[in-house]
Each structure stands twice: as C-alpha cells, then as structure tokens.
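# Structural overview for review
Single-letter residue listing:
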Amino acid sequence: MEEQEGTLPQKADFSGWYNDILWRAEIMDVRYPVKGLYVWFPFGFGIRKRVYGILRELLDRDHEETLFPLLIPEPEFMKEAEHIKGFENEVYWVTHGGTTPLDIKLALRPTSETAIYPMYALWVRSHADLPIKVYQIVNTFRYETKHTRPLIRLREITSFKEAHTVHATWEDAERQVEDAIARYREFYDRLNIPVLISKRPDWDKFPGADYTIAVDTIMPDGRTLQIGTVHHLGDHFSKTFSIQYEDTKGQQQYCHQTCYGISERSIAALISMHGDDRGLMLPPEVAPVQIVIVPVIMKKREEEIMQAAELLEKELQNAGYRVKIDTRDLRPGAKYYYWEMRGVPLRLEIGPRDLDNGVVMGVLRSGGKESLPRADIIAEVNRKMTEFTAILQERAKTHIKDHLVMVKEESLVNEMVSKGVVAVHWCGNRECADRLEEIADASVLGTEVRTDLIDQTPGTCIICKKPESVVTLIGRSY
Ligand SMILES: Nc1ncnc2c1ncn2[C@@H]1O[C@H](COS(=O)(=O)NC(=O)[C@@H](N)CS)[C@@H](O)[C@H]1O
C-alpha cells in the first residue's frame, strides 16, 4: 500500500470518515472497474474471516453448511410470483455460453430460494427427513439502483450467509424464527454491536414471506442499517416447489420454511460502531493483529531491547495471541498511528527504563497507559483484553439508549429522527404510516420491538389519535 498521505476525517463527518477508513485501514479497495463491486484488501479479509468464523461456530451447533450453484434457470426463478415481483428489477441474467446463445437464460442468484427449493423437493420425502437446517456463505448479485456503498450496498454481495430451513408445521418454523433471532443476537453480542429487533411492516417484508423480523443497528450518523433478517416463509414456497412430506398417517403435507441472512453489512457495523478519529477499534476476537510490540530503541541498548521484544513476542504467541513487533525504521509515534488505524486492541512498549524496572508499558486502543509487570505479562495481557472487551460492551449498551427516543408529538418527529430511532404509537393502517413517513422523512422500521429500553404500553396513534395503537420504530436507513 502506498504511504497514506493526509489524515482520516473526524468521525463526526461519518460519510467522509467511513469512505476514508476503508482504504486507510486496508479494508476494501473501491477502485474495481464495475459499479457496486469491491476488492477485499488482505487485512480487511482477515477481519471478515474471523467475523464469519464466529457466525459459522454459532450456526454449526445445529445447522449444516453446504453450497448450491450460482446460476438459476429462468423457469425456476420465475415460479414464485411474489418473489419475482420483489427481485425482477434486481436480477442479473446470463444469456450466452461463449458465443452460443443459451436456450434457457440463467439468473445470477440474488438470493438462493429458487436454486435450493427445487432440490429440497427432491430431498424431502417423509417427516423423518425434517427439519432441514442448511446454510451457505456465498456471493450473490443484486442490480441495486440506489446509491451503492462498500460493505453496505453492493451489487455483488461477497459474504452472503443464507440459511434455509424446512419444517413439518407452521409452529415449528415459527420456533426456528425465534431460534435464528437468538443466534443473531448472540452473534452481534460477540461483536459488541448493539441491535434493535422488530417486525417489518407487511409492505416491507421479504417477497414471498409471511413475515420478516429485522435486526437493525444505529450507525454513528443516526441512520439505521439492516444487518440481518429472519423470514417466516409459511408454505408459500413449498406449494410453489412441491416440497411435501408424508406424515405419520401417510398423508402428503406441505412443509413450512424459514430463511435468514447476514451479509458484510455486519462488518460495516463493526467498523462504524467502535471506530474513532484515530481509526478502527476491533474486538480482540476478530482483530487480525491483537497486540503490537513497539521497541523504544536507545542506540547503546538496542540489542538488549530487541531481544526483550522478541522474547515477549514468542511468549505471547505461545499463549495464543496474534502479535507483531514493529521494527520498521520509523519514529514510535508513526508506529502508534499506523496500528491504531488498524484497530489493534493492545500496544506494548518496551524501552530502556521499562527493562530496568522489569515492566512493559501497556496501552489499550480505547485509551489509558498502564505499566505491566513483565514477570506476569500473560495474565496481565489477558486482564487488559478483558478490560477492553468490557469497554466495548459498555459502549454498545449505552449506544441504543442514547439513540432511541419515544415521541408523542407529531411536530417533534422530524427533528428527533435526525438523531437516531424514534418510537411512536401507530394504529397499524397504511394511510397513517404514509403520513408519518412523510412528516418524518423516514421509514417505518417495525413493530413488536424486542427491547425493554422503552415503555411499550399501547397508546393513541400519533397521526389519527386512535387508542390501543402499538409502539412502532421509525428511522432513516441506509
Ligand atoms: N445490496 C446489498 N448489499 C449488502 N448487504 C445486503 C444487500 N441487500 C441485502 N443485504 C443484506 O442481506 C440481508 C438478507 O437479505 S434479505 O433480502 O433481507 N433476505 C434474503 O435474501 C433471504 N433469502 C434470507 S437470506 C439483509 O438483511 C441485508 O442485511
């Protein structure tokens, strides 16, 4: 990477900060010559690898991972009317093999229901074959016409985890929806990313679903980012694709299904939630480099200091840490800047005085210097990592509280929604929602909000004043 000139914009200028940090912290190279397609720098890919390692760990408890083809024949894709309506403007088509026109056009999967479900129809015969809980992590393609942004809105989604489950009954599928939500909560908790979970309004549910539960986070600019969705598909797709099982009485029954997805938006949220004016701030579990050792060289003791640094590196590596010594010919300050930009949780400095005093200077990325006894350095580093994670968790906890407010006055909605998510009472009918979205210049995010941060007692609709109206989130989203 060419030396990075200039400085990272303040995080308060979130859009400028976000675009700049993607290259300055070597996450994504946005110079690929196709709109909406981006290249992972190896450092960014190291974050992705660990983030998706956690996702796999959580899903592999009771799901199986596999891979379905990328290309979907047009007849299959066109089978589910609702689904097509939702995707017909977004799907890319392959029409030729070499110079030979294809007799059947092939869709690049925007999501894989119509690739997977014809196969599920072959896999499912009896109730004994159920439930199926399968997922894949693949690239998918959507011809997004809204503003594309790296990690947030891509035309090639490079890290699309999609799970597709099959059940005997609607209730079994409903339990799976709850299980998927719990798994997503656990995933984002491990990443110290706060979430708001709600049920999308009918007009915003996944095409072909009974209902959609969405996982939103609140970005530093107050806008929401949908970082996961769980869909109850009912028997819509099983009827379209004849996914049936023979029940215990020998009757043919249609299955009930769910699907749930997460993309690299999870990494956009990770970067945005904890980064600051000096760059990334990464949870230790996903940081490609967890510890950087910076020797503070004094000419006549250089040999001794370097030896101490190398010994320390070895010990930390043996303890399982991902650690680097920065021996480049740069001022210590330039080294601090470089690794802070890359979100390294802990810096250890070793200078002549530290050697003499048998200590190592520990500096957490979240701030604060502490002299650590060299003799117990592993226990001390473990303690500092735990302290750092607790700081990230605390920030995540207060973040939602600081960006969620209940509003009862129609006139206040527009002003308050520019700061974050607003909770209002809504009677549930579309006209009031349209009016509300117009006043707020925001969208209805959802109802049945799973949080205890606000009082969800029904009240009067903020628009038509109808009583017994439910608490509803509205926000400006990416
Ligand atoms: N263009 C995009 N770029 C990045 N992430 C996206 C894009 N479109 C959707 N996503 C993410 O992918 C998640 C799943 O997409 S989805 O359309 O809601 N759901 C599905 O496709 C279902 N088949 C479940 S996998 C969304 O919640 C959102 O976080």
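Residues numbered from 1 in each chain as written. Predicted model: local features only at pLDDT ≥ 70, side-chain atom pairs only at ≥ 80, totals over all residues. Heavy atoms only, no water.

Before going further, it helps to spend a moment on the domain arrangement of the protein chain. Annotation of the protein chain at the domain level lists domain 1 (14-274), domain 2 (289-383) and domain 3 (405-475). With centres defined by C-alpha atoms, the gap from domain 2 to domain 3 works out at 51 Å. (Domains from an automatic or database assignment.)

A word on the packing of helix α9 (residues 302-318) against helix α12 (residues 377-402). Packing of α9 against α12 brings their axes to within 10 Å, and their N-to-C directions diverge by 65 degrees. α12 is crossed by α9, and the crossing has right-handed handedness. Across the interface between the two elements, Leu312, Glu315 and Leu316 of α9 pack against Ile377, Ile378 and Val381 of α12. Counted by class, the contact of α9 with α12 contains five nonpolar, no polar and one charged residues. (Axes fitted to C-alpha atoms, helices over the stretch in contact; angles between N-to-C directions. Helix = DSSP H or I, 4+ residues; strand = E, 2+ residues; numbered from the N terminus. Left-handed = near helix turned anticlockwise from the far one by under 90°. Contact = heavy atoms within 4.5 Å. Nonpolar A, V, L, I, M, F, W, Y, C, P; charged D, E, K, R; others polar.)

In this section: the pattern of salt bridges. As a working rule, side chains carrying opposite charge can pair if their charged atoms are close by. According to the stated counting rule, one finds 39 salt bridges in the structure shown. Between Glu304 and Arg301 there is a salt bridge, and its shortest N-O distance comes to 2.9 Å. In this structure Glu304 comes out as partly exposed when scored by relative accessible area, which is 39%. The salt bridge partner of Arg435 is Glu438, with a shortest N-O separation of 3.8 Å. With Arg435 and Glu438 both in helix α14 (residues 430-440), this residue pair falls three residues apart, about one helical turn. With a relative accessible area of 37%, Arg435 lands in the partly exposed category. One connected set of salt bridges, linked through shared partners, spans Arg278, Glu340, Arg347, Glu349 and Lys369. (Salt bridge = Lys/Arg side-chain N within 4 Å of Asp/Glu carboxyl O. Buried < 20%, exposed > 50% of the residue type's maximum accessible area, 1.4 Å probe, protein only.)

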